[in-house]
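# Topology and contacts: notes
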Protein chains: 4
Amino acid sequence: MSVTATAPSKSAVKPVRMFVGGEFVDSKSTRRGPVYNPSIGEQIAECPFCTAAEVDAAVKNAHAAFPAWRDTPVVERARVMFRLVTLLEKNAESIARLISLEHGKTHEESVGSVRRGIEMVEYACSIPTLTMGDTMHNIAVDVDCETYFHPLGVCVGITPFNFPFMVPLWMAPIAITCGNTFVLKPSEKVPLSAMRLAELFAEAGLPPGVFNVVHGDKEAVDALLTHPHVQAVSFVGSTPIAKYIYETSIKHGKRCQANGGAKNHILVLPDADMDKAVGALQASAFGCSGQRCMAGSLAVAIGSAGDPLVEKLSATAAKLKVGRTDIGSDAQMGPVVTKQHLDSLLTNIDKGVKEGAKLARDGRGVKVPDAPNGFYLGPTVFDHVAPQMHVSQAELFGPVLSVTRAASLDEAIELTNKSPYGNGAVIYTRDGHAAREFKHRAGAGMIGVNVGVPAPMAMFPFTGVKGSFFGDLHIQGKEGIMFYTQQRMILSRWHPDSHAGEFVTTRG
Amino acid sequence: MSVTATAPSKSAVKPVRMFVGGEFVDSKSTRRGPVYNPSIGEQIAECPFCTAAEVDAAVKNAHAAFPAWRDTPVVERARVMFRLVTLLEKNAESIARLISLEHGKTHEESVGSVRRGIEMVEYACSIPTLTMGDTMHNIAVDVDCETYFHPLGVCVGITPFNFPFMVPLWMAPIAITCGNTFVLKPSEKVPLSAMRLAELFAEAGLPPGVFNVVHGDKEAVDALLTHPHVQAVSFVGSTPIAKYIYETSIKHGKRCQANGGAKNHILVLPDADMDKAVGALQASAFGCSGQRCMAGSLAVAIGSAGDPLVEKLSATAAKLKVGRTDIGSDAQMGPVVTKQHLDSLLTNIDKGVKEGAKLARDGRGVKVPDAPNGFYLGPTVFDHVAPQMHVSQAELFGPVLSVTRAASLDEAIELTNKSPYGNGAVIYTRDGHAAREFKHRAGAGMIGVNVGVPAPMAMFPFTGVKGSFFGDLHIQGKEGIMFYTQQRMILSRWHPDSHAGEFVTTRG
Amino acid sequence: MSVTATAPSKSAVKPVRMFVGGEFVDSKSTRRGPVYNPSIGEQIAECPFCTAAEVDAAVKNAHAAFPAWRDTPVVERARVMFRLVTLLEKNAESIARLISLEHGKTHEESVGSVRRGIEMVEYACSIPTLTMGDTMHNIAVDVDCETYFHPLGVCVGITPFNFPFMVPLWMAPIAITCGNTFVLKPSEKVPLSAMRLAELFAEAGLPPGVFNVVHGDKEAVDALLTHPHVQAVSFVGSTPIAKYIYETSIKHGKRCQANGGAKNHILVLPDADMDKAVGALQASAFGCSGQRCMAGSLAVAIGSAGDPLVEKLSATAAKLKVGRTDIGSDAQMGPVVTKQHLDSLLTNIDKGVKEGAKLARDGRGVKVPDAPNGFYLGPTVFDHVAPQMHVSQAELFGPVLSVTRAASLDEAIELTNKSPYGNGAVIYTRDGHAAREFKHRAGAGMIGVNVGVPAPMAMFPFTGVKGSFFGDLHIQGKEGIMFYTQQRMILSRWHPDSHAGEFVTTRG
Amino acid sequence: MSVTATAPSKSAVKPVRMFVGGEFVDSKSTRRGPVYNPSIGEQIAECPFCTAAEVDAAVKNAHAAFPAWRDTPVVERARVMFRLVTLLEKNAESIARLISLEHGKTHEESVGSVRRGIEMVEYACSIPTLTMGDTMHNIAVDVDCETYFHPLGVCVGITPFNFPFMVPLWMAPIAITCGNTFVLKPSEKVPLSAMRLAELFAEAGLPPGVFNVVHGDKEAVDALLTHPHVQAVSFVGSTPIAKYIYETSIKHGKRCQANGGAKNHILVLPDADMDKAVGALQASAFGCSGQRCMAGSLAVAIGSAGDPLVEKLSATAAKLKVGRTDIGSDAQMGPVVTKQHLDSLLTNIDKGVKEGAKLARDGRGVKVPDAPNGFYLGPTVFDHVAPQMHVSQAELFGPVLSVTRAASLDEAIELTNKSPYGNGAVIYTRDGHAAREFKHRAGAGMIGVNVGVPAPMAMFPFTGVKGSFFGDLHIQGKEGIMFYTQQRMILSRWHPDSHAGEFVTTRG
């Protein structure tokens, strides 16, 4: 497949290839799915659903490449990442266009996602110093103790459609620099960005077999999760699938870290800088058309904050320009990823209306004149959402913001903590005490204080809890590195050779 | 139950109590099992098999105690451990006698196990400084990032018969000092030591409900593993049960670390200090009557080391004094824990003989005149054990040492790495290169270089791999602390209040 | 000397002894100084000013004790500290009475200072895990790297009069647990508490020569600073002496960390909880009669906060009960340490009045009827202090609080940053943005946000800057441990022995 | 000056410029010194000895650039280093030629030194994660503690002639990425490489004023050491100068780390792989013509190792090809840096002969036909060197290897520990016990086990002791980062606002 960042004509629809053992190879699978340009609703590629045998071949390649890669000094392994940083910087624009093409987010959002991905590769360059073991000299008389961190073997990444390039970079650079080899299975809806990544890894000098890409659906996933050579699985996706991936991996003796969905609450206190809060909410709820596990999809307006907040939110939502993102445009929000996903969102909005939520801003009628078949939904705001409503509970994964009202900070924190999810939770206030209470008591893993999307930078872990994460060790940060390594302990003592004159040592 | 360290008369057999919410309470369960003094083969107590309802009550007590304990500053929590250290030092002798009474290990071994337990409590006193989170100031312009480590909630320990006092101390002090509350289910064969620990925790000032003890078998275990309030499970036992505990815990949304069995290989090179090697092998294979997951149960004699090694081993094994450990005696090895376990060992020795292993030293005829009904087996040495034999493959968990022969270090390492287990592996040599090769290539988590039992001290993790461990984060060391905590991340930004004159700050 | 906590009669005035090589020994020095009970102004002991020869003997004892102590495993060394914690807890009340007797602070303050000292000893118990070195396996092909932290040798502590028991505990437990031996020279004004510490170290089982005490003035100090066996010097005192100690130590090849004086600014914004701010200011400015390097001696009232702040401060200062602290009493503030110091404070107050500062509350007339000769000064508050005044610039080290006024937070931060000192700086506000600006921009090492005395707990460093600290590595926390250790690095490679058949290993 | 790596004609001798505030500027100083091409003994440039006023201007530029650079997020600062890595990789060959031109080391050695320099820049890319501070939540009830690491301000590097490009990279990338600004004063003998570094920093996008270069001798150095804006000084050079730099810096209130000279001992046991030992000794003693503070200049042959060692050493030394390094050649060793240095070496060899050391290999007659005026000395080996001889004690800094004999490992360790220096110490043996004894007891900071030049990689500190280092925190590794930062501590508490209804929170 020729990876290209310009919208191809219909005749260009070709099957996406796999990347195995350093080669781009065609899948023989007869099962395939379409890849769309969601901006115009046209198919641009065809993604093979790899067979178990094809997955097995990829894993075996990764397994064969492991010993030599493991024994390559970690500073050498990190140098591949230094080169990858340079290549990513150089190609950021064209990669971003490719992401926008297959996913639909705006060019600015795509560039941002490449940048966050680059941060992960930069962080991987710290691994030589972050995988040091410990020593204790003379732990008992004449006995020394030391530990080392070893890689695991073949690691697997299964990644979602919403960040086609960034999420693979959450995983592969860390796993690989730690000395593991890797098999990536990107979302079958957006496989092109992952193939571009394979090209760049090769260009950066990564040896064949260390990074591999297969495609597919449950058959490929199950082949990965049950393969005896696979040692670890990283996953990002929805909660039910995350739970399945986690339990299946565990049952087959692998480590697993599985990120699920979220319903992130954003509390707004009456003393907040209201313009800043509205700006943050809009970016948080409608960025990437709401298709983010860190989207702030539920605003909790406390006390008198409610009316001005909803009024300003509706006004700014109405002004947000929705449009094509596959070509240069001034669109501030793009389409959602597929027609099915759009339909599901429309159904959920209907449900909200039926449940009695007030539609403060209806995005359903949005028009994009030059792309009548694109998968568009305008920014939508529900007000007076009650806690038990579906639009309050469920992760919709689209540009739909629910606003609920609470009488006090206590009530709002309680509401936050009842959510089955636990990725992000945010407070907007000027008050130091309110912020500290929230930090201390809010039951989410990532807390924002006047920060709309509290996603950590690469060197801090992505610390979801409850239904948002399954596992012990999170992606990113030092936890992410620990996930891809195992510690070994060595106790040493040496006995003197009583026969050897020249070696004789006598202690004072 | 009155905990006592002197052998009680038959009439003293009373049911062991539970410890729940700070109180010693009787179990209403009708299902019970005997607790023996294995030195003389007599029952000394009766252990209730708690019902699911009793387990639920204990968990609920722990759950209720959690918020106040979590909000107690960590330095205050650690102070309970400082007091516990003092109490354990003061009571070490009497605790050791109780351990020897119900388990059968020698007094010296029991004292040693108390000392290793004390080391864990000492290590728990470091938790205030070991649970620090990270900060990055100005991670982006005017944005600060910080993390904290929070406790999980109710944690559970399920512990084996071979170290009735030490293994609970691997878990509870760490979990509790991290801010969790704890429910312990000790082995139903040796519940008395755990009850003594409950008394000492209370005496050290631990608030009611923070540490609890229940007893039982699979019913109690399953009630713990599936209880919605339980957040984490620590287990030490045999491999099949470890796997069951791990998978069941994971399926019910808990963290789990589960230690299984082992078959630890001890390589002896011809240049080794042979007397030191034999001394280490004897201590490693026959210590605690071989009932240790760190027992060196398989010696691999390399090249010319074989004959002198077996000769010396047999001679020293013959001299080892086996006897009662429930009273003051000069016994160097005690009984095994139960009659059933003794029978199983005898069956395995028969199997070894049938398979063609050479019985270099037969411990079956051992006599302990003053205790004819004790569960005794003398030190037993098999020579010329072939890799496929049962006595080479299986964890026997008794004083049975198999010796196999290898032509070279390479062959011996290969043999080591074929084991389905991966706790310890040891090399005896004077050669620096041989030791480094072994450290680098042996596929076990804990490596000994001229150290017979490479069990780490408390501040280093107990890093089993393969069939010897299920989980991401090992018991002991920094991994053990990470297991009992979760990291949360906070991003903060503060906006200036443009209306407030006295607050106005203008940056240069 | 018989250490006693009850006021002795005049005839009980005896010379204080030294503690050298595990023995309490008399000084032969003819130069001596008085030790007072400042509550009643009577001499209670006589402190020898040790000769250079006596100092030399103490250092040589410490030097002789070093090798065996260094080679004692760190976990064993830490166990002395575990026992010391227990002894300190048990004796806290009587130690506190002794501190109050010779220093004059209230019993509550003395107990608090013992508690802070205990925290240091608790922290020292973490040293086994905090002095781990690093490893990197296969840093180059077949080359391994590791580091260890070694102790330095003989370390010296020179401590001030204001915390006779606590400041020695900032130093000795850390130095000693790291494997060093130690010579303490306490303030010649308050040597009794240090002798009590020597008794407790011995009782805890510390081997002879590891901890030693000498007394004296510049002669003894210079003998320590220039002694060839001394490796490191820790000092707490005034800025000019700190600078002298630091430069002299460095010139003679020792490490040095030297804490000097301070003038800590406490900013109060108009939105602050005014009662909390006043309470904090009073405790901060008048606690220990103002004789603290963390005393908040300069309040900066911002905007409208000024008048209510001074009004409330003056009212509460007037109510503070001043009295004897050598006997059970309800005094809330005690005397200052000597007559000379009292006189110097009175002179400084006169100077303030002459410079035009407004004496909002005059403490000079304070009466303590049952102790007419005690060294008392009541709480004193200056208002409208201008930045260039002596009472604004100088560290007075007594119960004198200066209040200055600033128009904005910016102006107040600028004022704070002009101070030649840099220990603490505090802000009282409810506003998150003001606090963050202050944290980011205030040029002091220890920042308080609504905390009046921002002295860190033992596991965090005491991070003074500018004129308040000379050195690279602060006392307390991980920096304190680094100060007392040096890192060594080892690179290892092992070559195979091509002649040795049984050792031959062939890599795949 | 046009930096060029080909030997310029005599007429090309031009003054070297300074780099200040982002500009290359001419010095007005009338005092200047010659820069030679030591391969042919001709002058190639003229180095100005900057005036105190010029130094002041450079420091002021660095001071002015500090606030903006400090407030640039650390991840942005690190990105300059990522770009610098790429530029260094791209220009490594031409930089190496320039180094060889002005210093005289072989092209291979120059390339090696650039590679070690690159490793430092790679390590600087880890600084975002290595400068994290610590947190403790709820350290007391409702009180939180956190620390941050701040940069210091203007830092200075004063670097030696032997590694004109690498040593500046030990300092500037770390200091700068930590947020400091930097003034480099390279050796006046080899200023060209430093100017090339300035070009590359600028090309990498470092803002003007962050990195600056001045030149000169004691006047410039003193101007730096005493400048009020300078906060820290890093130095590498000889021991007497290191001591002067250290004491002067300290006296003027700066941090300082000053590396001095060395006399590194290499012990060879009779069981060592003799060919490997000889190869290592040759590389260690004659590499860079012996002008290295990690040069192995004193071999200690133990027992029977002596004769074969010296025989093989002399034979291989005789075969080492000495020649020009300013042009492509097959020379294995180049000239020393100046005529004066050559003369000093010849004097020292005479002294050795007079003292009675046996000249096993005399390098004085070496001929380089195409460069009769080059500063050449061939590899020289003294045997039977006695401990008190000058060639045993002094750092000669040339290709002169002294061999001494010892009867046992104990004697050899004692000899090693008597050296006034303490950089490296090496043992060659196959014996694990001998190596462990050496690691434990040898009084040098960097230990090699079968590694001839135990210089650590960038992420480990360069841990010289005794006369080889003055300071607390070494260059390289985490110590290097700590040197360039200071920790600040913040304690926070927030009081609830009792008047604000919507904020009211009530704890359970």
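Since the model is a prediction, treat every value here as computed from it, not as a measurement. (Residues numbered from 1 in each chain as written. Chains lettered and ligands numbered in written order. Predicted model: local features only at pLDDT ≥ 70, side-chain atom pairs only at ≥ 80, totals over all residues.)

### A few points about the relation of the copies chain B and chain C
When chain B is fitted to chain C, the best match, at an RMSD of 0.0 Å, comes from turning it 180 degrees and sliding it 0.0 Å along the axis. The relationship between the two copies is best expressed as a two-fold rotation axis. Of the C-alpha atoms belonging to chain B, the one lying closest to the rotation axis is found on S126(B), 2.3 Å away. Looking at chain B, 100% of its interface residues are interface residues in chain C too, so the copies touch through the same face. (Least-squares fit on C-alpha atoms with pLDDT ≥ 70 in both. Contact = placed C-beta atoms within 7 Å.)

### Topic: the nonpolar core
Grouped together as the largest cluster of nonpolar side chains are 715 residues, with contacts concentrated most on V268(A), V268(B), V268(C) and V268(D). Beyond its immediate stretch of four places on either side in the chain, V268(C) contacts A277(C), A299(C), A301(C), I302(C), A305(C), L309(C) and Y428(C). (Core = buried A, V, L, I, M, F, W, Y, C linked by C-beta atoms within 7 Å. Buried ≥ 20, exposed ≤ 12 C-beta atoms within 10 Å, placed from the backbone.)

### Structural notes on the interface of chain B and chain C
With 35 residues of chain B in contact, the opposing surface of chain C contributes 35 residues. Looking at the side of chain B that touches chain C, the elements that each hand over two or more residues are helix 2 (74–103), helix 3 (107–124), helix 4 (127–130), helix 13 (409–418) and helix 14 (432–441) of chain B. Per-element accounting of the side of chain B that touches chain C gives the leading share, five residues, to helix 14 of chain B. Its residues assigned to classes, the side of chain B that touches chain C comprises 18 nonpolar, 10 polar and seven charged. (Helix = DSSP H or I, 4+ residues; strand = E, 2+ residues; numbered from the N terminus. Nonpolar A, V, L, I, M, F, W, Y, C, P; charged D, E, K, R; others polar.)

### Considerations on the sheet that holds strand 5 (residues 42–48) of chain A
Residue and element names in this part refer to chain A. The strand order 1-5-4 describes an open sheet built from three strands, whose pairing is mixed. Lying at the two open borders of the sheet, with one neighbouring strand each, are strand 1 (14–15) and strand 4 (32–37). Sheet analysis places strand 1 next to strand 5, joined by two bridges and oriented parallel. Across the sheet, P15 pairs through a bridge with E46, a residue of strand 5. (Pairing = 2+ DSSP bridges.)

### Examining the domain arrangement of chain A
Much of the literature gives interface size as the accessible area that the parts lose upon coming together. Residue and element names in this part refer to chain A. Its domain assignment divides chain A into domain 1 (11–261 + 464–490) and domain 2 (265–449). One C-alpha centre belongs to domain 1, the other to domain 2, and the line joining them spans 30 Å. Within the residue set of the side of domain 1 that touches domain 2, elements represented by two or more residues are strand 4, helix 2 (74–103) and helix 3 (107–124). Looking at the side of domain 1 that touches domain 2, the element that brings in the most residues is helix 2, giving three residues. In the side of domain 1 that touches domain 2, the residues fall into seven nonpolar, 14 polar and four charged. (Domains from an automatic or database assignment.)

### Focus: the environment of K339(A)
Residue and element names in this part refer to chain A. By the secondary structure assignment, K339 is in helix 11 (residues 339–355). The sequence separation of K339 and F375 amounts to 36 residues, and the corresponding C-alpha distance is 5.7 Å. If near-sequence neighbours (up to four positions away) are discounted, K339 is found in contact with G41 and F375.

### Thoughts on unusual backbone geometry
Phi angles above zero are rare outside glycine, and D142(B) is one such case at about 70 degrees. Note that D142(B) resides in the loop between strand 6 (133–140) and strand 7 (143–151). The class of D142(B) is partly exposed, set by 18 C-beta atoms lying within 10 Å. Unusually for a residue other than glycine, N138(D) sits at a positive phi of about 60 degrees. If you trace the backbone, N138(D) turns up in strand 5 (residues 133–140).

### Quick look at the interface of chain D and chain C
Contact with chain D, which involves 40 residues of that partner, is made by 40 residues of chain C. Breaking the side of chain D that touches chain C down by element, the ones donating at least two residues are strand 6 (143–151), helix 8 (239–251), strand 19 (446–449) and strand 22 (485–492) of chain D. Per element, the largest residue contribution to the side of chain D that touches chain C is seven residues, and it comes from strand 22 of chain D. A per-class count over the side of chain D that touches chain C returns 19 nonpolar, nine polar and 12 charged.

### Focus on the sheet that holds strand 1 (residues 14–15) of chain B
Within the open sheet, the three strands sit side by side as 1-5-4 (chain B). Their pairing is mixed. The outermost strands of the open sheet, each flanked by one partner alone, are strand 1 and strand 4 (32–37) of chain B.

### Notes on the pairing of strand 16 (residues 380–383) of chain A
Residue and element names in this part refer to chain A. Here strand 16 shows two buried faces, one formed by T380 and F382 and the other by V381 and D383. Taken together, the three bridges between strand 16 and strand 17 (residues 400–406) define a ladder with parallel strand orientation. Directly across from F382, in strand 17, lies its bridge partner S402.

### Observations concerning the packing of helix 3 (residues 107–124) of chain D against helix 5 (residues 166–177) of chain D
All names here are of chain D. Direction vectors running N to C along helix 3 and helix 5 enclose 10 degrees, while the axes themselves pass 9 Å from each other. The angle between helix 3 and helix 5 places the two elements in the roughly parallel class. For the pair helix 3 and helix 5, contact is made by S113, R116, G117, M120, V121 and A124 and by M166, L169, W170, P173, I174 and T177, respectively. (Axes fitted to C-alpha atoms, helices over the stretch in contact; angles between N-to-C directions. Parallel < 35°, antiparallel > 145°, perpendicular 65-115°, else oblique.)

### Details of the packing of helix 9 (residues 274–286) of chain A against helix 10 (residues 306–319) of chain A
Residues and elements named next belong to chain A. Packing of helix 9 against helix 10 leaves a shortest axis separation of 10 Å and a crossing angle of 50 degrees. What the angle tells us is that helix 9 and helix 10 run oblique. Between helix 9 and helix 10 lies a crossing whose hand is right-handed. For the pair helix 9 and helix 10, the contacting residues are M274, A277, V278, L281 and Q282 in the first and P308, L309, K312, L313, T316 and A317 in the second. (Left-handed = near helix turned anticlockwise from the far one by under 90°.)

### With respect to the environment of A258(D)
Residues and elements named next belong to chain D. Relative to the elements of secondary structure, A258 occurs in strand 11 (residues 255–259). Taking C-alpha positions, A258 is 22 Å from H63, a pair spaced 195 residues apart along the chain. When sequence neighbours within four positions are dropped, the list of residues in contact with A258 reads F235, A242, I245, Y246, F470 and G471.

### Thoughts on the pairing of strand 22 of chain D
Of all eight residues in strand 22 of chain D, eight are buried; the element is thus mostly enclosed. Side chains of strand 22 of chain D alternate between two faces, with T485(D), Q487(D), M489(D) and L491(D) and Q486(D), R488(D), I490(D) and S492(D) buried alike. As paired elements, strand 18 (residues 446–449) of chain C and strand 22 of chain D share four bridges and run parallel to each other. Residue pairing across strands places G448(C) opposite L491(D), the latter belonging to strand 22 of chain D. In this sheet, strand 22 of chain D lies alongside strand 6 of chain D in antiparallel orientation, the contact comprising eight bridges. By the bridge assignment, P151(D) is partnered in strand 22 of chain D with T485(D).

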